[in-house]
Amino acid sequence: TGGFGIANLDQWYVTANFTGSVNPIQNNLSRFTVGGSYLGTGMSVASGIWTFPTTGFWQVHFQARCSRVDAGRQSRYQQMYIKCSTDNFSSSEVLAFAEAGYYDNYDAAYRYNGGYCSGIFDCTNTSTHKVRFATTVEDNDSNGVRWGQPYMKMAFVKLADT
């Protein structure tokens, strides 16, 4: 598109809660369809590995909220990652990262954390250039950090041709 408008846009979200550290996030993913679907050719995902429909410069967004259930318990960190690869995940790098503090709500029964990260990825080969999303938490016990739907979302916007 070369700056003349967005030709590819796709948004997804997680449809069910999950707990703890997950790499990659691969279950309960659904395309966001309220107010329309995707623009252009949509992304595809298999086993948590995302494939771009065309080469180009893509902006990848990741936002989430999690809660720590059980008052009085602490979780030192809750982190979110966008990871990228140019060799179909034989190796990978961090494209973007988020970490935020939590707060106690009025009854101290829950603690919340929210984060957002975004990065630009140059996909020059749709067969090998991929992304995936991950979470990391300090502890992963039965009362662990719960990542929640519908607050976890991924979006992909093609900015320009490579």
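Residues numbered from 1 in each chain as written. Predicted model: local features only at pLDDT ≥ 70, side-chain atom pairs only at ≥ 80, totals over all residues. Heavy atoms only, no water.

In this structure, what is going on with empty space enclosed by the protein? I would like to understand it.
Gaps left between atoms show up when a probe the size of a water molecule is rolled over them. Applying the stated rule across the entire model yields 1 cavity of 30 Å³ or more. In this structure, the largest cavity encloses a volume near 40 Å³. Taken together, Gln 78, Met 80, Ala 98, Glu 99, Ala 100, Asn 113, Gly 114, Gly 115 and Trp 147 form the lining of the largest cavity. Sorting the residues of the lining of the largest cavity by element identifies strand E7 (78-85), strand E8 (93-99) and strand E10 (110-123) as the ones contributing at least two each. The element that contributes the greatest number of residues to the lining of the largest cavity is E10, accounting for 3 residues. (1 Å grid on protein atoms, 1.4 Å probe; cavity = no way out; pocket = protein on both sides within 12 Å on 5 of 7 lines; lining within 4 Å. Points joined across faces, edges and corners; volume = space filled by probe spheres on them. Helix = DSSP H or I, 4+ residues; strand = E, 2+ residues; numbered from the N terminus.)

Just to check I follow, could you spell out the side chain of Thr 51 for this structure?
By secondary structure assignment, the location of Thr 51 is in strand E5 (residues 49-51). Engagement of the side chain of Thr 51 in a polar contact is seen with the side chain of Lys 130, the distance being 2.9 Å. Residue contacts for Thr 51: discarding those within four places in its chain leaves Met 43, Ser 44, Thr 126 and Lys 130. (Polar contact = N/O pair within 3.5 Å; in protein donor to acceptor, adjacent residues only side chain to side chain. Contact = heavy atoms within 4.5 Å.)

Is there a simple way to think about the pairing of E7 in this case?
Each regular strand displays side chains that alternate between the two surfaces of the sheet. Most of E7 is tucked away: 8 of the 8 residues are buried. Side chains Gln 78, Met 80, Ile 82 and Cys 84 project from E7 onto one buried face, and the interleaved Gln 79, Tyr 81, Lys 83 and Ser 85 project onto a second face that is buried too. Taken together, the 8 bridges between E7 and strand E11 (residues 130-137) define a ladder with antiparallel strand orientation. Directly across from Ser 85, in E11, lies its bridge partner Lys 130. Summarising the sheet, E7 and E8 pair through 6 bridges and their orientation is antiparallel. Bridged to Gln 79 within E8 is Glu 99. (Buried < 20%, exposed > 50% of the residue type's maximum accessible area, 1.4 Å probe, protein only. Pairing = 2+ DSSP bridges.)

I tried to follow the side chain of Thr 135 on my own but got confused; where do I start?
Looking at the element boundaries, Thr 135 is found in strand E11. Note on Thr 135: relative accessible area 2%, which makes it buried. Here the side chain of Thr 135 touches Gly 20 through a polar contact of 3.0 Å, landing on its backbone oxygen. Residues within four places of Thr 135 in sequence aside, it is in contact with Phe 18, Gly 20, Ser 21, Val 22, Ile 25, Gln 79, Trp 147 and Met 152.

Sorry if this is basic, but what is going on with a nonpolar patch on the surface here?
A cluster of nonpolar residues, Ile 6, Leu 9 and Leu 39, forms a patch on the protein surface that exposes about 240 Å² of accessible area. Mapped onto the fold, Ile 6 is located in the segment before strand E1 (9-14). (Patch = residues over 30% accessible without salt bridge, like charges linked within 9 Å, V, L, I, M, F, W, Y side chains within 5 Å. Areas by Shrake-Rupley, 256 points an atom, 1.4 Å probe, with all protein chains shown as cover. Salt bridge = Lys/Arg side-chain N within 4 Å of Asp/Glu carboxyl O.)

It is not clear to me how the packing of aromatic side chains should be interpreted in this structure. Could you clarify?
Here the distance between the centres and the angle between the planes together describe a pair of aromatic rings. Per the stated rule, a full pass over the model turns up 10 aromatic pairs. Consider the rings of Phe 52 and Phe 156, whose centres lie 6.4 Å apart with planes at 85°: the pair is edge-to-face. A residue pair is termed long-range when its members are at least 10 positions apart, and Phe 52 in the loop between E5 and strand E6 (56-69) and Phe 156 in strand E13 (residues 153-160) qualify at 104 residues. Across this residue pair, the class does not change: Phe 52 and Phe 156 are buried. Through a chain of ring-to-ring contacts, the aromatic side chains of Trp 12, Trp 50, Phe 52, Trp 58, Phe 62, Phe 121, Phe 133 and Phe 156 assemble into a single cluster. Lying over the aromatic face of Tyr 151, Arg 65 brings its terminal NZ or CZ to 4.1 Å of the ring centre. Stacked on the ring of Tyr 81, the Lys or Arg Lys 83 has its end atom at 5.3 Å from the ring centre. (Phe/Tyr/Trp six-rings, centres within 6.5 Å; stacked < 30°, edge-to-face > 60°. Lys NZ or Arg CZ within 6 Å of the ring centre and 35° of its normal.)

Even after reading the chapter, I still don't get the sheet that holds E11, so can you show me in this structure?
Neighbouring strands of a sheet are bound in pairs by backbone hydrogen bonds; such pairs are parallel or else antiparallel. Read from one edge of the open sheet, 5 strands run E4-E5-E11-E7-E8, paired in antiparallel fashion. This sheet does not close on itself; its edge strands, each paired only once, are strand E4 (44-46) and E8. Averaged over neighbouring strand pairs, the angle between their axes works out to 25° when direction is ignored. The sheet contact formed by E4 and E5 spans 3 bridges and is antiparallel. Within the sheet, the bridge partner assigned to Ser 44 lies in E5 and is Thr 51. (Axes fitted to C-alpha atoms, helices over the stretch in contact; angles between N-to-C directions.)

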